[in-house]
Structure formats: C-alpha cells, structure tokens
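# Working through the structure, step by step
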Amino acid sequence: MSSSNKHLKTKISEIRNFTNAHNNPPKDLYHSFLLELKVSKLYLPAEFEGEEVNFDHLESDDGMQLLPLYTSPEEYRGEKDLKNYGFPFFAEIIADCDFDGCVINPDTEEIFVERSFTDVFRVKAKPAVDDDEIYDAFELKEIAHTVKNEALVSFIRNDSNFNRFDDLIRVLSGSVLLNVVSSHTDLSNLANDGILSTLEVGGFNLSVKSEGMNKYGLLFTDLGAIRDTCDRDAGIHYYCQVTSFDKILGFILTNDLDGLIINPGIDDYHVPRNVLLDIYENHPEIMENPKYLSATFYAFTF
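The structure reproduced in this document is the subject of the present report. (Residues numbered from 1 in each chain as written. Predicted model: local features only at pLDDT ≥ 70, side-chain atom pairs only at ≥ 80, totals over all residues. Heavy atoms only, no water.)

### Considerations on the sheet that holds strand β3 (residues 58-59)
Heads up, the condition is: Only strands that DSSP links by at least two bridges are regarded as paired with each other. Runs of H or I in DSSP of at least four residues are treated as helices and runs of E of at least two as strands, each being numbered from the N terminus. Contacts are assigned to residue pairs that have any heavy atoms within 4.5 Å of one another. Helix axes are fitted only over the stretch in contact, all axes being lines through C-alpha atoms; the angle between N-to-C directions runs from 0 to 180 degrees.
The sheet built from four strands is open, its strands ordered β3-β4-β6-β7 with mixed pairing. Two strands close off the open sheet at either side, each with one partner strand: β3 and β7 (111-114). In this structure, β3 lies alongside strand β4 (residues 65-69), joined through two bridges in antiparallel fashion. Across the sheet, E59 pairs through a bridge with Q65, a residue of β4. Running over the sheet, helix α2 (residues 27-38) touches β6 (101-104) and β7 and is turned about 80 degrees from β7.

Structure representation (structure tokens):
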C-alpha cells in the first residue's frame, strides 16, 4: 500500500485558500498541515552516480537555499528520476546541507516550510530499553489469547461517549488491543505452538476496511471480537497480533488511511485520522510502551 498524500494535499489546498486572498492561514490549520507533513511520503528529483546522489535544490529571490519536494510525480516537470521517502528523511537532508527549509510543489502551490519546523521532524534517537522489558513471543501469545479490555469495551459501548476522543485516549493508555493480519496462503504448518514469525513467513497483509471512499485500519478488544467478524470462508487465512501502536498508527497514517475502527461489525467505534495524528505526536504513553517493541514480529493462530 502506498501513500497518495491526499490528506496533505487537502491541508495544502486549505492553506492556499488563505494565501491566495493574501491572508495568513490560522495557526491550528498550519499545525495540522505540519502533522500531516510529518507522516507524508514525498518525492525528490535525484540521480545516483555510484555511491553519490545528486539532487535538485532551489534558491529563492532573497537567497534562501531550499529543497524542492513534490506530493506526487505529476507535480514534477523535470526529467530526473523521483525518489520517494518519508519526510523525516528529507528533514535530515535539509539539516545536513544547511538548507533554509523546503518548498512543496514549487511549480504549483509553492508551500514554503522553514528550517525551524523541518528540524523538529528529524529522526530522534530512541531511549535505550532493557531487553527484559520487551515481551517475547510466548508472552505476547498469552496476551493475545486472554486480553479483554473491559474498560475500553464499556467505554465504546456507552452512546454518551460518541466522539469523546480525549476520554478515549485516556482509556487507550491502559488498553492492549489486537489487530488482524492475513495471508492468501495457509501458514499454520509453519507455526510453532501457534506462533508465526513475521520474518520467516515473508510478512502479512494488515486488514483494512473500506467504507465508501474511505479506508480504515481495524483494531479489536479481544480474540472473541476477531472470531465473530473474520470470514473464514473467504479463502483468506487470518492471524492475530498484539498491537504495537507505534507500528500500526505509523502504517495507517503514512499510507493515507482515514482512521481506525475498534471492533468493526460489532461496536464500530470510529476514530478519525486527526485524533490518530494527535496520539502519534503527543501521547508517548501510548506510542512508546517498550513492552510491545517486538509485537509486529509475531502473529498467532486462533
């Protein structure tokens, strides 16, 4: 699955509505644009010559050195190959080359992002984690088969909690969810005591759901909710994982999904993209739990 940058393009269009009228965009709009930028995958014109890479840069009328980036290949009007990377990669280039920032879609919208903002998106070293803190495959399997998330289930089944996302985030900080992965091949013969190694089987497909033009990631409160909704007769083989929010939200956001659904087909609690961006950026208590660092390395039969 690749990113279309549709959400970033929407924010750019909204900003342009203000700048075209010679007005500054509201701070909250620009902030939401920056959040989308952080999880975007943009294009850079570049040529590789051996181990060296040559890429374009632009100079503004007032002498600023800028990295040109594009939201899609169609925005680029040159002849170089385009390289597609997440924005933190480009933030490192801007810093290493001492550029003044970047300009997005320089031939059309011409959105300037100054260095002070791009520096915030540089890759940060993660704190050291004691290996004993990280759950192993057997501990994760036990969690997958026993977790219930009673507090979260009670919350999402209370109609008065519709769209109460600040409260949801507090409940999520104490929850351990499950996600479903799938394969067109039956991998059960490769399982060791019901445990599959993601690397050994060549990876999985994350289950998503389409609703009209929108696509959502799916999370579950317990194994029963998965069993009740997975179609075992569809020719697809399903397995469950303990959710690593860092990896799952990263996948949802960088691949331009529109949000997630908790217990689809049962509770159908929708969490929109803007809330996921807030969690991704501002809630390390959910995103950085070291216990689940290896969660995506394993899946479990059920």
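### Considerations on a nonpolar patch on the surface
Put simply, the test is: Exposure above 30% relative accessible area and no salt bridge define the residues that can form patches, which grow by joining like charges within 9 Å and nonpolar side chains of Val, Leu, Ile, Met, Phe, Trp and Tyr within 5 Å. All accessibility values rest on the Shrake-Rupley procedure with a 1.4 Å probe; residue burial counts only the protein chains present in the view. The rule for a salt bridge is simple: a side-chain nitrogen of Lys or Arg has to be within 4 Å of a carboxyl oxygen of Asp or Glu.
Together, F48, V53, Y85 and F89 line one region of the surface with nonpolar side chains, adding up to about 350 Å² of accessible area. Here V53 is to be found in strand β2 (residues 52-55).

### Considering the pattern of salt bridges
One side chain can pair with another of opposite charge once the charged atoms of both are near each other. Selection rule: The buried label applies to any residue whose accessible area, calculated with a 1.4 Å probe on protein chains only, is under 20% of its type's maximum; exposed applies above 50%, and partly exposed to all values in between.
Taken as a whole, this structure holds 16 salt bridges when the rule is applied. The salt bridge partner of D258 is K6, with a shortest N-O separation of 3.3 Å. One end of the pair, D258, is in the loop between α9 (245-254) and β14 (259-262); the other, K6, is in helix α1 (residues 6-19), with 252 residues separating them in the sequence. The residue D268 makes a salt bridge to K209 at a minimum N-O spacing of 4.0 Å. With D268 in the loop between β14 and β15 (269-272) and K209 in strand β11 (residues 208-211), this residue pair connects regions lying 59 residues apart in the sequence. According to the relative accessible area criterion, D268 is partly exposed, its value standing at 33%. Salt bridges here are not isolated pairs; linked through shared partners, they connect E36, D256 and R273.

### Re the packing of aromatic side chains
Basically, it comes down to this: Two rings from Phe, Tyr or Trp (for Trp, the six-membered ring) form a pair when their centres sit within 6.5 Å of each other. Planes less than 30 degrees apart are called stacked, planes more than 60 degrees apart edge-to-face, and all others tilted.
Counting across every chain of the model gives eleven aromatic pairs. Ring centres of Y30 and F33 lie 5.3 Å apart, and the angle between their planes is 45 degrees; on these two criteria the pair is classed as tilted. Of this pair, Y30 and F33 both sit in helix α2, three residues apart, which is roughly one turn of the helix. Take Y30: its relative accessible area is 18%, and that puts it in the buried class. Of the aromatic side chains, those joined through ring pairs into one cluster are Y30, F33 and F117.

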